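Residue strings, one per chain:
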Amino acid sequence: MITVPRHASTYTLFVPDEEAAREGARALTGRGHTLVRVAPDPTTGSGWRIDSLDEGPYPDDDERWWRAAEHRAVAVLAEGLGGRLSSTMALTETARHIFPGGERVCDRTAGDVRELRVGALSREPSRTPAPAIVHGLAEEEPSGAPSGEPIVLEGLDDVDWSSLTGAYGPAGEVPDILLGLAANDEGWEDAVEEYFSTVVHQDTCYDCTPETIRFLVQLVRAPQLFPAYRLHLLIHLAYIATIDPVPAAGEPDSDEAATCRAVLDRLPDLLALWPDAPAAVRAWLVVLAAVRPGAAPRPEFHEFRERLDGPSPALDLALALISGDDGAVRDLTLAAAAWDEEVSAKLEEPFPRRTRDLKVLFHLALAELAPR
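Residues numbered from 1 in each chain as written. Predicted model: local features only at pLDDT ≥ 70, side-chain atom pairs only at ≥ 80, totals over all residues. Heavy atoms only, no water.

Peer 1: Which residues make up the nonpolar core, and what are the values?
Peer 2: Judged by nonpolar contacts, the single largest core of 91 residues is most densely connected at Leu178 and Trp284. Contacts of leucine 178, omitting those with residues within four sequence positions, involve Leu153, Leu156, Trp161, Tyr195, Thr212, Phe215 and Leu216. Counting residues in hydrophobic clusters, the runner-up holds 16 residues, among them Leu13, Val15, Trp48 and Ile50. (Core = buried A, V, L, I, M, F, W, Y, C linked by side-chain atoms within 4.5 Å. Buried < 20%, exposed > 50% of the residue type's maximum accessible area, 1.4 Å probe, protein only. Contact = heavy atoms within 4.5 Å.)

This is the structure:
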């Protein structure tokens, strides 16, 4: 059923010149955008900008899917014009109220553009049903309360933390954050929040971040660590390792890549947990193993997967990455993109292919394997 969304998307295309601006404006008008304006870009002195409003309608009520499809189409247009794209979303009335000025190319209602809009989106496939996950790995097992038995972090005082930096300057407070995690008590969430504010912040690592990894691994391996905390730490390590995965060869060229390398250097210590680990932990160990370039296949990973009931897009992708089966990786990521618009977006990001694939892996793993 054709649906008019409550929110509208405003697209701004920054293009090299007036000719490109007018060409892009015609294309967006043809796609059924309701309000399109062009104007010189005062920030460059020579470039132009196109501002365009998408108010729908969409072919059905799956608004997130169609909004993502339109974003991809406009991004391709911007790239073809030699420009770049930014976008925002707001209630339709608000979007119109704050819409940038410029020379008006068109100004129509969603009703006026119904046929154009639906026709443009009809060339995009509808969302396919996501596989039904039945293996139960995300069902957190009851484990009582944390014991409060602290964990000793070996070598914590050997690091010159004051010479390192975090998100807010010198990293002198990082040992206290790690000790907060090592307390193994009810203050865990607060310590995690501090870690992901000071040590890792909004996909950014610092020169202190790689130094913390060995202590996180010590916590994961400590027998007395509360089981839920161990699982959550493995998820955090998988996230950290996929911010900027290190290349197959060469030295890390960023703090994020150096942190990934630090995780991979400790991967054998993490995989040593495998024999006694519960299924949920094993699943995240497989995900972490996939981050290592050229990792050797391990029969126990495949045996673990074979014992699971039903589909597992995340583990299948992890195993394909570990085995170096590029064809399977491509097929699995494209299949996921057919039901998950965020996968489509990640596959189009300006990263090397392996980095994109690993970001898709973490996204799928979080959706499928993270505790509910």
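Next, the rest of the story.
Peer 1: Please provide a residue-by-residue account of the packing of helix 8 (residues 227-241) against helix 9 (residues 255-265), values included.
Peer 2: With their axes 8 Å apart at the nearest point, helix 8 and helix 9 run at an angle of 135° to one another. Here helix 8 is positioned oblique relative to helix 9, judged by the angle of their axes. From helix 8, Leu237, Ile240 and Ala241 reach across to helix 9, where they touch Thr259, Cys260 and Val263. Its residues assigned to classes, the contact of helix 8 with helix 9 shows 5 nonpolar, 1 polar and no charged. (Axes fitted to C-alpha atoms, helices over the stretch in contact; angles between N-to-C directions. Helix = DSSP H or I, 4+ residues; strand = E, 2+ residues; numbered from the N terminus. Parallel < 35°, antiparallel > 145°, perpendicular 65-115°, else oblique. Nonpolar A, V, L, I, M, F, W, Y, C, P; charged D, E, K, R; others polar.)

Peer 1: Break down the side chain of glutamate 55 for me, with residues and values.
Peer 2: Note that glutamate 55 resides in the loop between strand 3 (48-54) and helix 2 (63-80). Here glutamate 55 falls in the buried class, since its relative accessible area comes to 8%. Polar side-chain contacts of glutamate 55 include one of 2.5 Å to the side chain of threonine 34. Looking at glutamate 55, its side chain comes within polar contact range of the side chain of arginine 96, at 3.0 Å. Excluding residues that lie within four positions of it along the chain, glutamate 55 makes contacts with Val4, Pro5, Ala8, Thr34, Thr92, Arg96, Arg108 and Ala110. (Polar contact = N/O pair within 3.5 Å; in protein donor to acceptor, adjacent residues only side chain to side chain.)

Peer 1: Now, about the packing of aromatic side chains: what can you tell me, with residues and values included?
Peer 2: In the structure shown here, the tally under the stated rule is 9 aromatic pairs. Counting every residue linked through ring pairs, the aromatic cluster contains Tyr195, Phe196, Tyr239, Trp284 and Phe362. In this structure, arginine 84 packs its charged tip against the face of phenylalanine 14, placed 4.1 Å from the ring centre. Geometry around phenylalanine 351 places lysine 359 over its ring, the cationic atom sitting 5.4 Å from the centre. (Phe/Tyr/Trp six-rings, centres within 6.5 Å; stacked < 30°, edge-to-face > 60°. Lys NZ or Arg CZ within 6 Å of the ring centre and 35° of its normal.)

Peer 1: Could you give an account of the pattern of salt bridges, with specific residues and numbers?
Peer 2: In the structure shown here, the tally under the stated rule is 20 salt bridges. Two residues, glutamate 70 and arginine 31, come together in a salt bridge whose shortest N-O distance is 2.7 Å. Taken together, the residues span a long stretch of sequence, with glutamate 70 in helix 2 and arginine 31 in the loop between helix 1 (18-30) and strand 2 (35-40) at a distance of 39 residues. Here glutamate 70 and arginine 31 have matching classes, each one buried. (Salt bridge = Lys/Arg side-chain N within 4 Å of Asp/Glu carboxyl O.)

Peer 1: How would you summarise helix 14 (residues 326-337) if you had to cite specific residues and measurements?
Peer 2: Along its 12 residues, helix 14 runs 16 Å from first to last C-alpha, staying within 8% of the 16 Å computed at 1.5 Å per residue. Every buried residue of helix 14 is accounted for by Val329, Thr333, Ala336 and Ala337. All buried residues of helix 14 lie within an arc of 105° about the axis, which places them on one face of the element. (Expected span 1.5 Å × (residues − 1). Arc of directions from axis to C-beta.)

These figures capture arrangement, not role.
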